[in-house]
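Tertiary structure, described
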Amino acid sequence: MAREPLSLLQGTADVLILKALAWKPMHGYGIAVWIRQRTENDLALEDAALYQALHRLERKGWVESEWGVSENNRRAKFYSIAKSGRQHLRAEVVELRRYFDALFRVLDTA
Amino acid sequence: MTVPHEEVPAARRALQLPRRTRARVRAAVDEELEFHLDMVVAELVAAGWQPADAEGEARRRFGDIAYTRDYCSAESLRRERGQHRMATFDELFRDLKFTARTLLRAPGFTLIVLFTLALGIGANTAIFSVVRSVLLEPLPFAAPDRLVRVWHANRADDVSEGAVSEPDYIDWRRENTVAESMGGFFFADGQTSVDFTGDGAPQDLKAALAAEEFFETLGTAPALGRTFTAEDQLEGRNRVVVLGYGLWESRFGSAPDIIGRRITLNGEPFSVVGVMPRNFTYPADQQLDVWIPLSYFGPDDIGRVRAARFLQVIARLKPGVTEAQFASAMNTISARLAGAYTENAGWESVTVKPMRESIVGSVQRPLSLLLGAVALVLLITCVNVASLLLTRASARERELAVRSALGAGRGRIIRQLLTESLTLALLGGALGVGLAMFALRALARSSAASLPRSIDLSLDGTVLAFTLVISLLSGLLFGLMPTLRVAGPSLEGALRGGRGALGKSGGRLRNALVIAQVALAVVLITAAGLTTKSLLRLLSVDMGFNPDNALVVSMGVPERYSTPGAALTYYESILEAIRQVPGVRAVGSVRDLPTQGNGEMRKPDPVGSTTVQPGQSPPVYLHHVSKDYFTAMEIPLKSGRFFEPTDREGAPVVFLVNETMAKLYWPGEDAVGKAIRMGPQEFRIVGVVGDVRQRGPAEAVDPQMFIHIAQNRRSHMGIVARTDGDPLALATAVRQAIWNVDKDQTISSVGTLNDLVGRAVSRPRLLASLLVLFGLLGLTLGALGIYGVLAFAVSQRRQEIGVRVALGASPRSVLGLVVGQGMKLSAAGVAIGIAGAAALAGTLQAVLFEMPSVDPATFAQTVAVLMGAALLASWLPARRALAIDPATALREE
């Protein structure tokens, strides 16, 4: 059953990445896999966008990074969520929920 | 403060590694992306792709790799930079936090240091802002370097800065080829004025009379409208006025449509043509209400003849013409005029001075002196704080040694201590600005009026920048002295051996600092002593009249009493009206009250003098006085008689002379009955009166002669009313008496004779009182320094003193021990200070009145004052030493 995946709404990539890292520290590839599995291919996050977002989030101080060793014994950069990142995630989720609730109140009743 | 410490790798932060290079950041991003692509390839291969195709597919799925690399590298670099900034900031913040804790832990110490610094820096800020406003601000003229003042000089009569007559001025302008323009003006502070009537209360306006090219020469653009043109000087068109900024603001509410408005001056309509900018008050020092074309006004009855010298002249040099070339060209013209006109005999040259010097020349030296004195105060302050810090550093030496042993680098410790001293300096500076604000307000209220160009004394950006700089410099200065010692190699010694190596050489440094403080204080106090003595001498000068209990009123007989008869009647009825006021004992009048002018120069030939040859007469100053002037002033009659009511028009014109003139013309003889010749006429001397210091207490007595107003008079009236009690209590009644004669009479000023005399010494008074203030500051700080060092020494030597007492030392010898150390330090400081004061004495000579700058009495008094203070400062710690209980002291270690 092959549907075209939906492209991500602006800003939701950050939320997804933070959500993934809130689970556990991961490297970039791990995050990509995690998101793909959770969304069951309904949402497409391009690898390029993922890495750009990771570096941007790191600069903002929401995620931190450390070089470690991957499952297949290679040097990999592991990301973890920072305290400020968790706060941001919580706030963003509330915002998104409010946004979609409002949207669907209209769509469902009309 | 939420600095996420975790962000900075701990090791790198601690080791202070430099930031990663751009290349290394790029390499890290590449490695990360490489890893990702490899993982995707592996995943694809596992899903059945051919390895050769999987590589391309992975890259395709990834998206724009090149852009992502650049983007990620840039983000990483930005993060690195931010972290570095954060780390530096964080470190500074921790230093500051530590400093705050340290300073708060010793609040007494901190308060003393801050207070001391505030005094030192505040005094410097205040004086600097005066200096800046008076000396450093550029003159409010275009290209002021090419502006000069020109005076007519008569070397034979010893007149170097004489005024210029109008005909001479016209010739100067016409004949010279060295000035781009030459302007003239007539202005006498407190005397040139016009009546302003019309809307509101009548007002006496301070006026300057501007001759041709006065404004053009100065080149200052008006704030509004225009300045005078040549046409404005023409008869019939000269009812025009330029307003001062202050008057425009206060009297006309800064009305933008003021140009063209008609105002009434001296009962005539004038039209306003311009308003000058706020900082332009030339030729007045502080404030000037109006400028009026000279042609409108006959300056106080003086005619436009060569003998009537009343104009002041300014000139703008042509480009390339030097001051010397200008002076020599003007000398040639003067010499020619002196040969051509008999009235100009002797007036063969000119004196030329740069504009700046002519305006601020007289205050340059006192102000520089004050600046030097406050700099000394600041130096003492720094030395004092340094020795306080050193004392504390010694007490903290173990703490510092421990921190050093725990791995704090020498640089780290120095930085910590410098943060401390700079924090103190900046806080002290901030408090100092507050103090300076108070000081400036007090200065402005008291005697700053005697300083030119001090209209707005304020703390502006320049002054604040100066304060910041001296605060930082002070912080570095007093911070570095103890810091260098503490961070020295002897730290481990201090840690190991209780009383460390610091004690001894630290003690030497402390002693040196105390000696330096005392020496600096001696210099200050000597200067304060000398100027104070000079001021006292100035104040005790016998002016020749009694300045107490005398009210003075300055006013002019209005133009409407223009016929001679009407003017005299009016003049006398004013005096009579004031005499009727209860509490007034006597009333007299003169054109120029003492310190307000010097009369008119004449050169009478004596009839039958043995010393003065005809044609060789020295200048004598003529004053027009009312009958009772001498009685009211309490100027004594030495021989002959005062004026009588019979000395009137129609009767033979007679003169009184002062003692100086009598001695000059007829030495050893009675001048009464002698005669002088002016022009073709001979006049009889009927009396000799006592000498008066007309030009002020510091000036010599001039030969004077007096004529009765009923025989010849001027319109300006300097009225003096001798009163029974407080003269100012009668001010209202006296004003009312004048207005009862003519309700439209304007009054220029009402005050006391004492104030007039006091104003003449206001600059020396300002200088002396400020120097005394600074001297006291220096003395207090010096005494504090001695006290601090001795108190510290006593606390350090508790055991030693305990042992001495235990071994039977008498209280006397313990006292001697401590006090002796204090006196030894002070004596060394005093010796150096006296030598310094003697070396610097020359700079004071110019501001001292009739006394030597190396005055043994003053020096001896300074020594006594300082040693007294030192004794007191040593006594207190000595008493503490006496209170040491040997048993406890010995048990302590």
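From a predicted model like this one, the values you see are computed outputs, not experimental measurements.

Digging into the overall build of chain B
Assigned secondary structure in chain B consists of 26 helices and 25 strands. Out of the 893 residues belonging to chain B, those deemed buried represent 41%. By sequence separation, contacts in chain B at least 24 residues apart represent 83% of the contacts at least 6 residues apart.

Things to note about the overall build of chain A
Counting its regular elements, chain A contains 4 helices and 5 strands. From first element to last, N terminus to C terminus, chain A shows the α and β order β-α-β-α-β-α-β-β-α. Counting across all 110 residues of chain A, residues that qualify as buried make up 34%. If you take every contact in chain A between residues at least 6 apart in sequence, the share linking residues at least 24 apart comes to 57%.

Side note on helix α8 (residues 245-252) of chain B
All names here are of chain B. Where α8 is concerned, the buried positions are Y245, L247 and W248. Here the buried face of α8 lies against β6 (203-210), β8 (240-243), β10 (268-275) and β11 (290-293). Of the residues trailing α8, G253 is marked for its positive phi of about 55°.

Describing the interface of chain A and chain B
In this complex, chain A contributes 19 residues to the contact, which on the side of chain B involves 21 residues. Mapped by element, the contributors of at least two residues to the side of chain A that touches chain B are α2 (28-39), α3 (47-60) and β5 (75-81) of chain A. Top element by residues in the side of chain A that touches chain B is α3(A). It accounts for 9 residues. Class assignment of the residues belonging to the side of chain A that touches chain B gives a composition of 6 nonpolar, 4 polar and 9 charged.

A few points about unusual backbone geometry
Across residues other than glycine, the phi torsion is negative in most instances, and most of the peptide bonds are trans. Going from Y282(B) to P283(B), the amide bond is cis rather than trans, its omega being 5°. The residue P283(B) is located in the loop between β10 and β11 in this model. Unusually for a residue other than glycine, N73(A) sits at a positive phi of about 60°. Along the chain, N73(A) falls in the loop between β4 (63-69) and β5. Positive phi is not limited to glycine here, since E634(B) has a value of about 60°. You can call E634(B) partly exposed: it has 17 C-beta atoms within 10 Å.

A closer look at the packing of helix α2 (residues 22-46) of chain B against helix α4 (residues 65-105) of chain B
A packed helix pair is summarised by two numbers, namely the angle formed by the two axes and the spacing between the axes. All names here are of chain B. Relative orientation of the contacting elements α2 and α4 amounts to 130°, with a least axis distance of 9 Å. Classified by the angle between their axes, α2 and α4 sit oblique to one another. With respect to the hand of their crossing, α2 and α4 are arranged in right-handed fashion. Touching R22, V25, R26, V29, D30 and L33 of α2 are I65, R69, C72, S73, S76 and L77, all from α4.

A word on α2(B)
Helix length check: α2(B) (25 residues) gives 36 Å between terminal C-alpha atoms against 36 Å at 1.5 Å per residue, within 8%. Among the residues making up α2(B), those that are buried are V29(B), E32(B), L33(B), H36(B), M39(B) and V40(B). Its buried side turned inward, α2(B) meets α2, α3 and β5 of chain A together with α3 (51-62) and α4 of chain B.

A closer look at the nonpolar core
Residue and element names in this part refer to chain B. Grouped together as the largest cluster of nonpolar side chains are 152 residues, with contacts concentrated most on A373, V377, L524, I578, A721 and F774. The residues touching A373, leaving out its near neighbours within four places in the chain, are L524, A527, L771 and F774. By size, the runner-up hydrophobic cluster in this structure holds 58 residues, among which are M182, V194, A207 and F215.

Some points on the environment of R797(B)
Residues and elements named next belong to chain B. The residue R797 is located in the loop between α21 (762-796) and α22 (798-806) in this model. Residue classification places R797 among the partly exposed residues on the basis of 18 C-beta atoms within 10 Å. Here the alpha-carbon distance between R797 and A889, two residues 92 residues apart in the chain, equals 9.5 Å.

What to know about the pairing of strand β1 (residues 147-154) of chain B
Residue and element names in this part refer to chain B. Within β1, 6 of the 8 residues are buried, which leaves it mostly tucked inside the rest of the structure. As paired elements, β1 and strand β12 (residues 309-317) share 4 bridges and run antiparallel to each other. When the sheet's bridge partners are listed, V150 is paired in β12 with V313. Relative to strand β13 (residues 349-354), β1 runs antiparallel, the two sharing 6 bridges. By the bridge assignment, V150 is partnered in β13 with V352.

Describing the sheet that holds β5(A)
All names here are of chain A. Pairing is antiparallel across the open sheet formed by 3 strands, whose spatial order is β2-β5-β4. The sheet terminates laterally at β2 (26-27) and β4, the two strands that pair on one side only. By the bridge criterion, 2 bridges tie β2 to β5 in an arrangement that is antiparallel. The partner of M26 across the bridge, within β5, is Y79.

Focus on the packing of helix α23 (residues 811-840) of chain B against helix α25 (residues 856-882) of chain B
Residue and element names in this part refer to chain B. Orientation of α23 relative to α25, taken along the N-to-C sense of each, is 150°, at an axis distance of 8 Å. Taken together, the axes of α23 and α25 lie roughly antiparallel to each other. Relative to α25, the crossing made by α23 is right-handed. Of the residues belonging to the contact of α23 with α25, the class tally is 21 nonpolar, 3 polar and no charged.

Observations regarding the confidence of the model for chain B
Residue and element names in this part refer to chain B. Across chain B, the average pLDDT comes to 83, with 91% of residues at or above 70. The model gives residues 1-17 a pLDDT under 50, and that stretch makes 14 contacts with residues more than four places away or in other chains. Here residues 491-503 is modelled with pLDDT under 50, and outside its nearest four sequence neighbours on either side it reaches 23 contacts, counting other chains as well. If you check the scores for this complex, the pTM reads 0.69 and the ipTM reads 0.91.

What counts, and at which threshold
- Residues numbered from 1 in each chain as written.
- Chains lettered and ligands numbered in written order.
- Predicted model: local features only at pLDDT ≥ 70, side-chain atom pairs only at ≥ 80, totals over all residues.
- Helix = DSSP H or I, 4+ residues; strand = E, 2+ residues; numbered from the N terminus.
- Buried ≥ 20, exposed ≤ 12 C-beta atoms within 10 Å, placed from the backbone.
- Contact = placed C-beta atoms within 7 Å.
- Nonpolar A, V, L, I, M, F, W, Y, C, P; charged D, E, K, R; others polar.
- Axes fitted to C-alpha atoms, helices over the stretch in contact; angles between N-to-C directions.
- Parallel < 35°, antiparallel > 145°, perpendicular 65-115°, else oblique.
- Left-handed = near helix turned anticlockwise from the far one by under 90°.
- Expected span 1.5 Å × (residues − 1).
- Core = buried A, V, L, I, M, F, W, Y, C linked by C-beta atoms within 7 Å.
- Pairing = 2+ DSSP bridges.
- pLDDT = per-residue confidence, 0-100.

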